Amino acid sequence: MTTRELQDKIIKLKQENDICILAHSYQTHDILEVADFTGDSYQLSLKAKEAPQKTVIMCGVRFMAETVKLLSPEKKVILSNPAAGCPMAEQMDKESITQIKELYPDYAVVAYINTTAELKTICDVCVTSSSAVKIVDKMPEKNILFIPDCNLGAYVAKKLPEKNFKLLQGGCPIHARVAKEDVIRAKESYPDAKLLVHPECMPEVVNLADFVGSTSAIIEFAKSSRNKEFIIGTELAIVQHLQYECPDKSFYPLSKNLICPNMKMTSLIDVLNCIEGNGGEDIQLDDDIMENAVKCIDKMIEYGG
Ligand code: 13P
Ligand code: SF4
């Protein structure tokens, strides 16, 4: 079967079976083409909530499927490839953070959405890369224990100097690979290009950027900018998708190492297997996790995240 035939089969079957397919923007182009919605992790969970279908297939990583389930408990949520986890989300667990919380009793715990549902149960507020500064700014608490990403935490801390931040050594191993030397090299090669980076990159990289934002914010910035050239400091898929959508502009990767293997695990065959009931993982969370993890996401929505 050709890719096109496989895609047509998936599209026909998802309609017949009342299934909504979500694809994170880091997925490959063939997956985005069969999706009902594409976007960043948080946008996708909101889209899933609004979607009329009773079954959702999440093409992304585990914490994204869990977030969809937390916000749409009545829906069947299937993670397209059960092996696709986010290494950052798995760096910290409930037990270790419970112990750290005891050391900082007067700190509010702010969790990046890239955390497990279980860890979210003991956090106060959840944030995304696009909403972190806005939400922490609105929080009445001055003392913030920010987990797990110390790069995103450092970015938020720099924007909000009036608050006290405690950061832990966690973060995205893919974005952390980019070094200041990559920025210098890219700027030398493309002196007219704007540098757009994800806040999961190291502060020495973020500090040199023309724009810092989430996956979707980077896409929106590049599309609406009058500039014609861009160096993209996030997963390589974004370079490819932007080049496809904006053929009159040029997009260059900040580093060729910006590839998330977990985000590349999902194939069209995985999606077809999920639809046919032969694959994927039906996300099941304990009642206690469902009840308590959603609280910090609700808090994020309350703060306008
Ligand atoms: P976004 O929230 O920007 O989609 O980021 C998710 C992610 O995993 C980035 O590495
Ligand atoms: Fe996790 Fe980083 Fe991959 Fe995003 S790019 S899913 S944060 S490992």
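A brief look at the structure comes next. Keep in mind that this is a model prediction, so the values were computed, not measured.

Reading the values: rules and limits
Residues numbered from 1 in each chain as written. Chains lettered and ligands numbered in written order. Predicted model: local features only at pLDDT ≥ 70, side-chain atom pairs only at ≥ 80, totals over all residues. Heavy atoms only, no water. Helix = DSSP H or I, 4+ residues; strand = E, 2+ residues; numbered from the N terminus. Near = heavy atom within 4 Å. 1 Å grid on protein atoms, 1.4 Å probe; cavity = no way out; pocket = protein on both sides within 12 Å on 5 of 7 lines; lining within 4 Å. Sits in = over half its atoms within 2 Å of the grid points. Nonpolar A, V, L, I, M, F, W, Y, C, P; charged D, E, K, R; others polar. Pairing = 2+ DSSP bridges. Polar contact = N/O pair within 3.5 Å; in protein donor to acceptor, adjacent residues only side chain to side chain. Areas by Shrake-Rupley, 256 points an atom, 1.4 Å probe, with all protein chains shown as cover. Salt bridge = Lys/Arg side-chain N within 4 Å of Asp/Glu carboxyl O. Buried < 20%, exposed > 50% of the residue type's maximum accessible area, 1.4 Å probe, protein only. Contact = heavy atoms within 4.5 Å. Points joined across faces, edges and corners; volume = space filled by probe spheres on them. Axes fitted to C-alpha atoms, helices over the stretch in contact; angles between N-to-C directions. Parallel < 35°, antiparallel > 145°, perpendicular 65-115°, else oblique. Left-handed = near helix turned anticlockwise from the far one by under 90°.

In this section: unusual backbone geometry. Following Ile 147, the chain continues into Pro 148 via a peptide bond in cis, with omega recorded as -15°. Mapping Pro 148 onto the fold places it in the loop between strand 7 (143-147) and helix 8 (150-159).

Time to look at the site of ligand 2. By nearness alone, every residue bordering ligand 2 is listed as Tyr 26, Cys 86, Pro 87, Met 88, Asn 114, Cys 172, Ile 174, His 175, Glu 200 and Cys 260. Because more than half of its atoms lie within 2 Å of the grid, ligand 2 is assigned to the largest cavity. Residues belonging to the shell around ligand 2 are distributed by class as follows: seven nonpolar, two polar and one charged.

Spatially, the four strands line up as an open sheet ordered 10-9-11-12, and their pairing is parallel. Pairing within the sheet leaves two strands with one partner each, and these edge strands are strand 10 (211-212) and strand 12 (250-253).

Taken together, His 24, Tyr 26, Asp 40, Ser 41, Asn 114, Ser 129, His 175, His 198, Glu 200, Ser 214 and Thr 215 make up the full set of residues near ligand 1. Contacts to ligand 1 include Tyr 26, whose side-chain N or O atom sits 3.3 Å from an oxygen atom. Across the complex, the protein chains shield 95% of the 300 Å² of accessible surface that ligand 1 would expose by itself. In this structure the site holding ligand 1 corresponds to the largest cavity.

What follows deals with the pattern of salt bridges. In this structure the tally under the stated criterion is ten salt bridges. Of the charged contacts in the structure, one is a salt bridge between Glu 276 and Lys 9, with a shortest N-O distance of 3.8 Å. Taken together, the positions of Glu 276 in the loop between helix 13 (268-275) and strand 13 (281-282) and Lys 9 in helix 1 (residues 3-16) put the pair 267 residues apart, joining distant regions of the chain. One salt bridge connects Lys 228 with Asp 248, and the closest N-O pair in it is separated by 3.3 Å.

Tracing the backbone through its elements, the reader meets Val 239 in helix 12 (residues 236-245). For Val 239, a relative accessible area of 9% puts it in the buried group. Through-space distance from the C-alpha of Val 239 to that of Tyr 26 is 9.8 Å; in sequence the pair is 213 residues apart. Setting aside residues up to four positions removed in sequence, Val 239 forms contacts with Ile 232, Phe 251, Tyr 252 and Pro 253.

Turning our eyes to something else, we now look at helix 13. Within helix 13, six of the eight residues are buried, which leaves the element mostly enclosed by the surrounding structure. Turning to helix 13, its buried residues are Leu 268, Asp 270, Val 271, Leu 272, Cys 274 and Ile 275. Contacts made by the buried residues of helix 13 are with helix 1, strand 1 (19-24), helix 2 (29-32), strand 3 (55-59) and strand 4 (76-79).

Positionally, Asn 262 belongs in the loop between strand 12 and helix 13. The contacts of Asn 262, once residues within four sequence positions are left out, are Val 61, Ala 83, Ala 84, Gly 85 and Pro 87.

In this structure the tally under the stated criterion is one cavity of 30 Å³ or more. In this structure, the largest cavity spans a volume of roughly 280 Å³. Around the largest cavity sit 28 residues that line it, and Tyr 26, Phe 63, Met 64, Asn 114 and Glu 200 are the ones nearest its centre. Among the secondary structure elements, those contributing two or more residues to the lining of the largest cavity are helix 3 (41-50) and helix 4 (62-71). When its residues are assigned to classes, the lining of the largest cavity shows 15 nonpolar, ten polar and three charged.

On to the packing of helix 1 against helix 13. The N-to-C vectors of helix 1 and helix 13 enclose an angle of 25°; their axes lie 10 Å apart at closest approach. With respect to each other, helix 1 and helix 13 are oriented roughly parallel. Of the two elements, helix 1 crosses helix 13, and the hand of that crossing is left-handed. On helix 13, the residues that touch Thr 3, Leu 6, Gln 7, Lys 9, Ile 10, Leu 13 and Lys 14 of helix 1 are Leu 268, Ile 269, Val 271, Leu 272 and Ile 275.

So, on to the sheet that holds strand 1. Adjacent strands of a sheet pair through backbone hydrogen bonds, lying either parallel or antiparallel. Spatial strand order, 2-1-3-4-13: five strands in an open sheet with mixed pairing. Looking along the sheet, the strands with just one partner apiece sit at the ends: strand 2 (37-39) and strand 13. The pairing of strand 1 with strand 3 spans five bridges and is parallel. Along strand 3, the bridge assignment pairs Ala 23 with Cys 59. Where helix 13 meets the sheet, its contacts fall on strand 1, strand 3 and strand 4, and the angle it forms with strand 3 comes to roughly 160°.

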